Amino acid sequence: NRRAVDEEVDERTQFEIYYPPFEGAIEAGVGSVMCSYNKIRGKYSCENPETLQRDLKERLGFKGWVMSDWLATQSQSINAGLDQEM
């Protein structure tokens, strides 16, 4: 069940293991990123301001737009860094 997954990952692991592919994509000029159904430290990935706004957009410098997977949002995700809800 995709909606039941809750990944407990510390910040160091995120930046050393999980974020390098995103950094590479950003450096290559990718225009969009899709978030999905799972949770990250208790927050749905499409509603997680720490990963979308702070990490992706501010720390990694992503200038494109973030869209949700179909029906992957649960609330006002636009306030957390999501740009398009599907």
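Residues numbered from 1 in each chain as written. Predicted model: local features only at pLDDT ≥ 70, side-chain atom pairs only at ≥ 80, totals over all residues. Heavy atoms only, no water.

(A) Highlighting the overall build of the protein chain. The helix and strand tally for the protein chain stands at three helices and five strands. Seen in sequence order, the protein chain has helices and strands lined up from the N terminus as β-α-α-β-β-β-α-β. For 86 residues, the compact-globule formula gives about 12 Å, and the C-alpha radius of gyration of the protein chain, at 12 Å, lands near that figure. Each principal axis of the C-alpha distribution contributes one length, and for the protein chain these read about 30 × 25 × 20 Å. With 86 residues in all, the protein chain has 35% of them scored as buried. For the protein chain, the computed accessible surface area is about 5300 Å², with 51% contributed by carbon and sulfur atoms. The positive charge centre, built from 10 side chains, and the negative charge centre, built from 15, are 2 Å apart in the protein chain. (Helix = DSSP H or I, 4+ residues; strand = E, 2+ residues; numbered from the N terminus. Rg over C-alpha atoms; globule rule 2.2 N^0.38 Å. Buried < 20%, exposed > 50% of the residue type's maximum accessible area, 1.4 Å probe, protein only. Areas by Shrake-Rupley, 256 points an atom, 1.4 Å probe, with all protein chains shown as cover. Lys, Arg positive; Asp, Glu negative; His and termini not counted. Charge placed at Lys NZ, Arg CZ, Asp CG, Glu CD.)

(B) Quick peek at the pattern of salt bridges. According to the stated counting rule, one finds six salt bridges in the structure shown. A salt bridge links D55 to R59, with the nearest nitrogen and oxygen atoms 3.2 Å apart. Separated by four residues within a single helix, D55 and R59 lie in helix α3 (residues 50-59), roughly one turn from each other. By relative accessible area, D55 is classed as buried at 0%. Residue class for R59 comes out partly exposed when judged on its relative accessible area of 44%. Several salt bridges share partner residues, and in doing so they unite E11, R54, D55 and R59 into one network. (Salt bridge = Lys/Arg side-chain N within 4 Å of Asp/Glu carboxyl O.)

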